[in-house]
Every structure is written in C-alpha cells, then in structure tokens.
Amino acid sequence: MKKVLFTIALLATCIAVGAQEKQEIKSDSLSQRTFWDRLSIGGYGEIVFSRNFYSDHVSRYSQPEAHKDDPSHGRFDLPHAVIYLGYDFGKGWTFGTEIEFEHGGNGIAYEKEDEEGGEWEQETEKGGEVELEQFWIQKSFAKWANIRAGHIVVPVGLNNAHHEPLNFFTVYRPEGENTILPSTWHQTGISFWGRYKDFRYEAQFLAGLNADHFTNTGWIHKGHKSPLEFDVANKYGIALRMDNYTVPGLRIGLSTYYGHSIGNSYPRNANGVDNEYKGVVAIGSIDFTYNAHNWIVRGQADYGYLGDAEQLKYVYNRLNSKSPYKHSAFVSKNAYAIGIEAGYDIFSQIQYMRNHHQKMYVFGRYEQYNPYASKTKDTDYGYTEVKRMAFGVNYYPIKQVVVKAEYSHRFLKKIYNDEPSLNLGVAYEGWFDLGHKKLAQQEQYDVQKLNERINQLQQQLDELKQKTM
C-alpha cells in the first residue's frame, strides 16, 4: 500500500511539474517573442530599364526640328529602395521611420587629376539621394484617435497616399501627380488621424512650402525640399484627407492643402517681394481605387492654385546668382493633373494560375497634366502640356513581387516631338519575417509534447487510484 501511495504521489508531482513547465514555456515564449512582435521591418524597391525613343538634348523643346531624328537612349535605374523600421513601446506609444535611397543613393570620392599637375579633386560619384522620408513618434488613444509627430508623409493626392510600387500599374510612379506635386511629399509636422466606421481621416499641421523652389516645369514639386540642416518654418501649411470605404472593394478619397510659401526661406529677406506677398498654395484632389471582380481601377484629379505667381521671378533668392534657388523662368498660377488606369487579371480565368495565386493584369492608362497651365505675364512654355497613354502588363508570381512591362507615349503640342518609350521593371513590397514565427512553431510543438506526456501521467495516476480503491 505504501508503495502504491508513493507512486501516486510521484505521478502527481510529475503532473504538477509538467504543468509548471508548460506554463514556463508559455511565459518564456511571451518574453522571447515580445521584442520581435514589437519590432517591424519591411520595405519596397524598384529596378527599372527604359528605352526612350526621343531626344534627351537640353534644347529639344527650344529647337525641336533640330532634334527630330536624334537616336534613342536607354538607362537602368533604381528609382526607390526603401527600408521601413518600426517599434511598439507599449501603452499606445509607437515609433516609425522610413529611409529611402532614390536612384541608387549618392556618394563622393577623391581623385588625383594627372592632367592638372597631380591635383586632388572631390568628385560626385552618384546623382541619387538618401532621405529620411519618415521619422515619427505616435500615441494611440483609440482606433479613432491617434497623434503622430515628426517627419511624416503628406497624403495629398492618390500618389502620395499610396506611393508603393504595388499601388500603380506603370513602371514609374503616375506621371501627372509626380510632376506637379512633391512625390513622395514628406515634411516635419504633427498629425491627428483615425478611423471611425467606414471613414478614415487625417489632419496635419506642417512647415510651409518654399516658393524659391517652384518652377515652370514642376510647379511646387520641389517646394518641400531644403538644402539646409532644418526645415524652414517662417510660414505654415495645413493638409486634410478623408477616405470612405462604404462600398465593398471601393475607396474614395478627398484631400486638400493650404499654406503660404513666399518668405519661407533662409535667410529671410525682410523687404520687397518676400515681405509684401504671401504666395498662397491651395490644392484640391479627389481619387479612388476599385479592387473587385478581378478588376483594379484607379483614378485621380488634382487642381492647384498659387497666389502671387507673377511675383516669384523677383524674389531675392531667385535673383541672386549665388543662391541655390536661382530661377529665371516664371511660375504658373494654376496646375492640374488627371489620370485613370484600369487592369484586368487574365489569370483569374485560368484555374492552374488561380490555384497557385498568380496574377497577370493587362492594363491601360491615360493621363493629362500641365504644371504651367496659366500664362504668367503672357509667357508661354507650351511643352509643359502633356497627354500620355500607356499600356502593358503586371505579372505577380507571388503576392509581394511584380514584374512590369509598359509601352508609353507622351503627346505634346504639334510644334514639339512626341516622346514614346518602352519601360520594364521589377518591384517588391512587404514585411520581413525575423524568425519569430519559426520560434513560435517550435514552442507550440514543445507545449504539445508536454501536453501528451501530462495526459499519459494523468491516465496512469487514474489507473493507480482505481487499484487502491
């Protein structure tokens, strides 16, 4: 009898130890996965080849007849390579950053010039950019109430709100918005955003744009950039956006921007045009995305107004030949961009491809834009008015990767030469698994084995109890 009771006590102890071990594994699992669960790493990137069947000469618009039969030219490019990094501190506090390498980044090198008596010179090796596109800290109070402060994306227009390469069919970003608006538009400021039922909304308070950067061919495209170690904030801007998701598969967005731009520079000239005029920038945009029934259709329309546009030519920094802002051309009071694209997944009709989750969209796109829509002081730059058509395919071998092929044709006014091109690209977008899923699977397996052993011990204990009765 003592032996049986001892065995029962031993088995009960084993069961208790097993249960404790199981709990420890769960606790260890939580503690080991806490860091990985809170850390987010991802990104996107594009690799592109283009062959342009038109002249790339600097005078192709001023002397179009002289360059009508110029040979084609090609290029390889890395338009964007982006790394996401985020962390959840807990209690609603999160951090996010996005580092972008445009066109392969940049770099400099020292080189010994034998032709110049062995003199050392510093030379630019690459013409791209490295930018901290996002850097913010966020406090989330609820799904409908979040405050974000830092360097943030300004979601005005379709392209800025959805700029990742899987969000457009063309090899390069949609050309119209990418011409007249900053892209990707990112500035330092504060944002309030949230989602309530079928609506997502966002309001931002930002440093103003810099009118010294506005041009005739790009309107405000470079207005968010600064050659300084800080963003000048003599003037301010406000951006608003709202998206609706009521209809399944359809998102409709409205966005707007308002701010002052003249005098938002350093050093600030306290006299003359810089002090007398505001340079109001006002933008309105509507966009949509429909993704259902094997179709994806996207479209947008943007209209912009620039106050005191005729005065920009006389701003001090634009007149100063030593300034990085020197511009001789007028800037337009108005700019616009409209575009629509539609693609159908032909693999949806092929069972084998459908079963392997592969997609092939055949698409077409049309857009029309003009960064110089108003003739400032009767000065015309007719080559800025562009109508563009493109068609091609997007092949998705897996969800995160797309291979793109596209033929594009820009139609300019009759006095200029049209600009056809062929573009090929490969792009990806996704989040990287840091191994915590594998760890979780292993820990789940260990817990399962322990459960089986505990059940065996429990069964033996029950049998012994039956014998003692």
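The structure presented is a predicted model; accordingly, all values stated were derived computationally and were not measured.

### Examining the packing of aromatic side chains
Then, in step 1: One pass over the full model with this rule turns up 20 aromatic pairs.
Then, in step 2: Each ring, one from Tyr61 and one from Tyr383, has its centre 4.6 Å from the other, and the planes form 5°; the classification is stacked. With a gap of 322 residues between them, Tyr61 in the loop between strand 1 (39-52) and strand 2 (73-77) and Tyr383 in the loop between strand 14 (359-370) and strand 15 (386-398) connect regions that are remote in the sequence.
Then, in step 3: You can call Tyr383 partly exposed: its relative accessible area is 22%.
Then, in step 4: Between Phe169 and Tyr361 the ring centres are 5.7 Å apart and the planes differ by 45°, which places this aromatic pair in the tilted class. Within this pair, whereas Phe169 is found in the loop between helix 2 (158-161) and helix 3 (175-180), its partner Tyr361 is found in strand 14, the two being separated by 192 residues in sequence. You'll find Phe169 and Tyr361 in the same group, each marked buried.
Then, in step 5: Chaining the aromatic ring pairs together yields one cluster made of Tyr61, Tyr372, Tyr381, Tyr383 and Tyr416.
Then, in step 6: Geometry around Tyr245 places Arg195 over its ring, the cationic atom sitting 4.3 Å from the centre.

### A look at the nonpolar core
Then, in step 1: In this structure, Phe214, Ile220, Tyr257 and Ile283 are the most contacted members of the largest nonpolar core, which totals 30 residues.
Then, in step 2: Aside from chain neighbours lying at most four places away, what touches Ile220 is Ile180, Leu181, Pro182, Trp185, Leu209, Phe214, Val281 and Ile283.

### Brief notes about the confidence of the model for the protein
Then, in step 1: Of the residues in the protein, 82% have a pLDDT of 70 or more, and the chain-wide mean is 86.
Then, in step 2: The low-confidence segment residues 25-32 (pLDDT under 50) makes seven contacts with residues lying over four places distant or belonging to another chain.
Then, in step 3: Per-residue pLDDT stays below 50 along residues 112-117; that stretch engages in eight contacts with residues further than four places along the chain or on separate chains.

### Observations regarding the pairing of strand 1
Then, in step 1: Looking at chain direction, strand 1 and strand 3 (residues 80-90) are connected through seven bridges and run antiparallel. If you follow Ile41 over to strand 3, its bridge partner there is Leu85.
Then, in step 2: Inspection of the sheet shows strand 1 paired to strand 17 (residues 419-431) by 11 bridges, in the antiparallel sense. By the bridge assignment, Phe49 is partnered in strand 17 with Leu424.
Then, in step 3: Pairing of strand 1 with strand 2 involves five bridges; the strand directions are antiparallel. Each residue of the ladder has a partner; that of Val48, found in strand 2, is Asp77.

### Let's talk about unusual backbone geometry
Then, in step 1: For the peptide bond that leads from Ser183 to Thr184, omega is -10°, which places it in the cis range.
Then, in step 2: Mapped onto the fold, Thr184 is located in the loop between helix 3 and strand 7 (186-196).
Then, in step 3: Even without being a glycine, Lys197 presents a positive backbone phi close to 55°.
Then, in step 4: For Lys197, the location among the structural elements is in the loop between strand 7 and strand 8 (199-207).
Then, in step 5: Even without a glycine there, the phi angle at Asp308 is positive, about 60°.
Then, in step 6: Residue position: Asp308 is located in the loop between strand 12 (295-306) and helix 5 (316-319).

Parameters and conventions
Residues numbered from 1 in each chain as written. Predicted model: local features only at pLDDT ≥ 70, side-chain atom pairs only at ≥ 80, totals over all residues. Heavy atoms only, no water. Phe/Tyr/Trp six-rings, centres within 6.5 Å; stacked < 30°, edge-to-face > 60°. Helix = DSSP H or I, 4+ residues; strand = E, 2+ residues; numbered from the N terminus. Buried < 20%, exposed > 50% of the residue type's maximum accessible area, 1.4 Å probe, protein only. Lys NZ or Arg CZ within 6 Å of the ring centre and 35° of its normal. Core = buried A, V, L, I, M, F, W, Y, C linked by side-chain atoms within 4.5 Å. Contact = heavy atoms within 4.5 Å. pLDDT = per-residue confidence, 0-100. Pairing = 2+ DSSP bridges.

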